[in-house]
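Chains, contacts and geometry: an overview
Chain by chain, the residues run as shown.
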Amino acid sequence: MEMMTLRMTVFFWHKMSLADHKNTNGQGIFRMEGDNVSNAFVVRSLDEIRFWSRIMKEHSLFLRLGFRCEDTQLINEANHFYATFESIESRAQAFSAETDPQIIQRFNVEVHTAVSHIWVFKRKVLGLILTCQLIGQNNFPLLLDHTSREAFYFRNRLEQLNAGKLDPLPDAIINENVFFLRIMADHAKFIAHLLDPSERKLVDQAREFSDDFDKLLFQARDLDSMRPQSQTAPLLDQFLDQNRVSVQSLRDFKKTARDLIEACRIKSIIHPLLADHVFREAERFLFIIDMFENALTGKPVTNIEGSH
Ligand SMILES: [Fe+2]
Ligand SMILES: [Fe+2]
């Protein structure tokens, strides 16, 4: 079942690229490509919402845990967002690929509003921290910035889906990698700072990942700046291959850290759910890299046909 969803998602990106080329009169995707694209729109929307609404729900929990007991207003707001995204998550689970695309389009608008609100909340808290109005709270400013970037990404994806236009493939490859490489670099920094300082070997490893991903991010930004001349198939393919190697090893490191934290084998102030959360985000990035690789090499159509 999981595999089928992934294949449909790959197919959707492929189809959307085709749709973009044909979309000269501003028509929505439903009228342009018929049932396949309507269905792919539903599958893709649900896939994004199921993944990111759980992430938003967990951000609310992490932020709440870092607030001071006296900040009851902020705690209430965080609890409110937790409930909102928990409800969105369970409603997204109840829909299926056969749900009417118009219903999903309205659902996307509703989720978009909730994500906009949590984005405002995160930026507000960032402002309070940076002006020293929450002395003694335990959330890093970079964590607020990081989680607000994830909200912004989610909100943007919902807008793209409802407008019927994802970025063309070569732009999507660079944009998504610039976004996710920075996210991965931040994760490595959070892990290094939240492990107990006495876990010297693990802290060193986390710092090495941080340096590795900072370099990959600079490389991605160079490729970005060299657009559109840099968007050749061999360069993009190599870019994906190189990023995949590092993301796989960071993913494995996070998985090990998660298992060690769950088994109470290492000293840290990392919540086990946070360890799992960053592991899932690395898995998501790997899935996106593979989706791009397939779209570049034209594999998705074969996969779709092979799965039916
Ligand atoms: Fe996150
Ligand atoms: Fe993250």
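Rules behind the numbers
- Residues numbered from 1 in each chain as written.
- Chains lettered and ligands numbered in written order.
- Predicted model: local features only at pLDDT ≥ 70, side-chain atom pairs only at ≥ 80, totals over all residues.
- Helix = DSSP H or I, 4+ residues; strand = E, 2+ residues; numbered from the N terminus.
- Expected span 1.5 Å × (residues − 1).
- Buried ≥ 20, exposed ≤ 12 C-beta atoms within 10 Å, placed from the backbone.
- Core = buried A, V, L, I, M, F, W, Y, C linked by C-beta atoms within 7 Å.
- Contact = placed C-beta atoms within 7 Å.
- Axes fitted to C-alpha atoms, helices over the stretch in contact; angles between N-to-C directions.
- Parallel < 35°, antiparallel > 145°, perpendicular 65-115°, else oblique.
- Left-handed = near helix turned anticlockwise from the far one by under 90°.

Focus on unusual backbone geometry
Leave glycine aside and you will find that most residues have negative phi; peptide bonds, for their part, are mostly trans. R227 connects to P228 through a cis peptide bond whose omega is -5°. Mapped onto the elements, P228 comes out in the loop between α8 (200-225) and α9 (233-262). Even without a glycine there, the phi angle at C132 is positive, about 60°. As for its position among the elements, C132 is in the loop between α5 (101-130) and α6 (141-163). Positive phi is not limited to glycine here, since C264 has a value of about 60°. Positionally, C264 belongs in the loop between α9 and α10 (272-297).

Quick notes on helix α4 (residues 72-94)
With 23 residues, α4 should reach 33 Å at 1.5 Å per residue; the first-to-last C-alpha distance of 33 Å fits that figure. Those residues of α4 that fall on the buried side of the exposure criterion are L74, E77, A78, F81, T84, F85, I88 and A92.

Focus: the nonpolar core
Judged by nonpolar contacts, the single largest core of 35 residues is most densely connected at L181, M184, A188 and F213. Broken down by secondary-structure element, the contributors of at least two residues to this core are α7 (169-194), α8, α9 and α10. Here the element with the most residues in this core is α10; it accounts for 10 residues. Leave out the neighbours within four places in its chain, and F213 touches L181, M184, A185, A188 and S246. Within the second largest apolar cluster, 30 residues are counted, among which are L46, L63, F81 and I88.

Some details on the environment of F85
With respect to the helices, strands and loops of the structure, F85 is situated in helix α4. Once the C-alpha coordinates of F85 and V111 are considered, the two residues, 26 residues apart in sequence, prove to be 8.6 Å apart. Excluding residues within four positions of it along the chain, F85 makes contact with S53, M56, K57, S60 and A114.

Considering the packing of α6 against α7
Relative placement of two packed helices is described by the angle separating their axes and the distance separating the axes. Between α6 and α7, the shortest axis-to-axis distance is 11 Å and the interhelical angle comes to 150°. Looking at the two axes, α6 sits roughly antiparallel to α7. Handedness of the crossing formed by α6 with α7: left-handed. Residue-level contacts link L142, L143, H146 and Y153 of α6 to F179, I183, D186 and F190 of α7.

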